[in-house]
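These are the residues of each chain, in order.
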Amino acid sequence: MKRKVYLDHNATTPLHPEVKKAMAEAMEAFGNPSSMHGFGRQARRLIDDARDKISSFIGGRPEDIVFVGSGSEANNTVLNLLYCTARRCEAPHTKRHRVITSQIEHPCILEAAGCLEARGIEVIYLPVDKYGKIDMAKYEEVMSEKTALVSVMMANNEIGTIQDIKKIGSIAHKYGALFHTDAVQAVGKIPVDVGDLGVDYLSLSAHKIYGPKGVGALYVSPGAPFCPFIRGGHQERGRRAGTENTTGIAGFGKAIEMRAKEMDIESRKLLSLKARLRAGIEKNIKDIEFNGHASDCLPGTLNVSFDAAEGEAILLYLDLEGIAVSTGSACSSGSLDPSHVLMATGASAELAHGSIRISMGRDNTEEEIDYTVEKLAFVIDKIRNMSTVAVKEDHGK
Amino acid sequence: MVNKPEWVYSDKVKDHFVNPRNVLDDEEEYRPDGKGIAGNIKCGDEMIMVIKVDKARGIIADCRWKTYGCASAIASTSILSEAVKGKTLDAAYHITAKDIAKELGGLPEHKVHCSVLGHKALRAAIDDYYKRNGMTDKAGKEK
């Protein structure tokens, strides 16, 4: 059988075996969690249990956790909870007409922010430095009492760069603005504590941490304004209508429980695998550039660009060797523009087209990393031999 | 759903992507009769096509290429380099992106626009051949 090496954990992860078990059991609890009878109460217990696990992992009270359908829904909920068009809506922040976010957010934030702009709200997209860190001077410059909401992601999905969320949040609060962080890539990979970070809202997702797809959650701090994105039911204390996805939520709870047990050990393992991968690439392939921040980075994420090679070609040649990665090349996205994240870091279009993201996870081994380095060197060589772009000559190797 | 390809592109694209034909190794050594370039790196795809011409018969005797780009860019240039051998300059000049995509067993629409550039590079190579041989009346006539 052909070898398979999965190195795309920032896209999604396989289910943890314990999560599978928990979900299989939860499937028996088919009752509607809103029903008062035993079937309903059985499902309700599973959901409450998952809620407890999540709040004990990220801090806050269980009732501050709202289960939603995805990380994207959590993010859309936050960007849409201000500027309700209802006349009776008197939420104080609606009087402020500026929202601050960053240029490297996930498309679900950027597109929701674009909708706010269409509704007349001023949105400022903060630039980042070459490592993907928010330009704090620019942030302080544009921050004022006019700002209603600041939304900055905790860890970037493409390059892994981690922001100083605590500081960004405290500046937002100094001016009375609300603060949200999209922590979909952070929760379960690096320590996240809503109390310590001082966030008003925090988005998280199950499928990035060995839980099921189709479940996310939003932490809402006590007293923070809220307006439901999906209406029509009293579920989630009136904050998110729709019969709860009991199986998914139970899987989410188990995934979080396993993160609490495994995150620290796994993080050390991933850092060591990444060092091995990085050294292997540096040793075997010339004319490369690593993207993102060297230390403030998700432990399992490595983003690297290859001169004279295009990302989709790299991805598909690796796929033929059974290795799964992703790319910031335009070709993979169906648009003509390469990664907005790499472009925001000031990378050239060529560098962005030639980038791949390798995101490791709990099952990866040193042997797999060595195999990947070997195949990657072969693939890059093959592509460069066909390329119109000449790689720099041996520069005195 | 019979024969639904398991890969992202057709089997033919895969074949040419895995085993690209007629890649240009060394341009100086090859000494082409005409050379054309299309696309640019910024947009993610760039192609060079070089040809050797059987001058007596006015046909393309050989064709080589280099490509910076995605799988469909590589495969489309490769298949074109095979298709043009033995064709008259005039016939080769009239090959379109659609012809290439069809030959490859279909490509997603957005891929045809951004990655199939081989025919443009080929036309540029044929024009270059005309210019080199004082046949300027023929060059650029189909722009």
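In case you missed it, the structure is sitting above this.
The structure presented is a predicted model; accordingly, all values stated were derived computationally and were not measured.

Asker: Give a description of the overall build of chain B that names residues and reports values.
Answerer: Summing up its helical and strand segments, chain B has seven helices and three strands in all. Listing the helices and strands of chain B from first to last along the sequence gives α-α-β-β-β-α-α-α-α-α. For chain B, whose C-alpha radius of gyration is 15 Å, the value lies close to the compact-globule estimate of 15 Å for 143 residues. When the 143 residues of chain B are sorted by exposure, 45% land in the buried category. Look at the contacts in chain B between residues 6 or more apart in sequence, and 63% of them connect residues 24 or more apart.

Asker: So, the overall build of chain A: which residues are in play, and what are the values?
Answerer: Scanning chain A from N- to C-terminus turns up 14 helices and 13 strands. For chain A, whose C-alpha radius of gyration is 22 Å, the value lies close to the compact-globule estimate of 21 Å for 397 residues. With the principal axes as the frame, chain A shows a C-alpha extent of 70 × 50 × 35 Å. The 397 residues of chain A split such that 51% are buried. Considering only intrachain contacts with a sequence separation of at least 6, the fraction spanning at least 24 residues in chain A is 71%.

Asker: Mind laying out the interface of chain A and chain B, listing which residues take part and the relevant values?
Answerer: Tallying the contact residues gives 20 residues for chain A and 20 residues for chain B. At the level of secondary structure, the elements contributing two or more residues to the side of chain A that touches chain B comprise α10 (311-320), α11 (330-333), α13 (349-353) and α14 (366-386) of chain A. A per-class count over the side of chain A that touches chain B returns 11 nonpolar, six polar and three charged.

Asker: With reference to specific residues and values, describe the nonpolar core.
Answerer: If you look at the biggest cluster of nonpolar residues, it comprises 81 residues, and the most contacted ones within it are Val 150, Ala 183, Ala 217, Leu 218, Tyr 219, Ile 249 and Ala 255 of chain A. Considering each element in turn, this core owes the most residues, seven residues, to helix α2 (residues 38-58) of chain A. Listed in part, the 68 residues of the second largest apolar core include Tyr 317 of chain A together with Ile 48, Ala 92 and Leu 107 of chain B.

Asker: Which residues make up the environment of Val 150 of chain A, and what values do they have?
Answerer: Residues and elements named next belong to chain A. Assignment of secondary structure puts Val 150 in strand β5 (residues 147-151). The class of Val 150 is buried, set by 26 C-beta atoms lying within 10 Å. Expressed as a C-alpha distance, the spacing of Val 150 and Leu 316, which sit 166 residues apart in the sequence, is 38 Å.

Cut-offs used in this document
- Residues numbered from 1 in each chain as written.
- Chains lettered and ligands numbered in written order.
- Predicted model: local features only at pLDDT ≥ 70, side-chain atom pairs only at ≥ 80, totals over all residues.
- Helix = DSSP H or I, 4+ residues; strand = E, 2+ residues; numbered from the N terminus.
- Rg over C-alpha atoms; globule rule 2.2 N^0.38 Å.
- Buried ≥ 20, exposed ≤ 12 C-beta atoms within 10 Å, placed from the backbone.
- Contact = placed C-beta atoms within 7 Å.
- Nonpolar A, V, L, I, M, F, W, Y, C, P; charged D, E, K, R; others polar.
- Core = buried A, V, L, I, M, F, W, Y, C linked by C-beta atoms within 7 Å.

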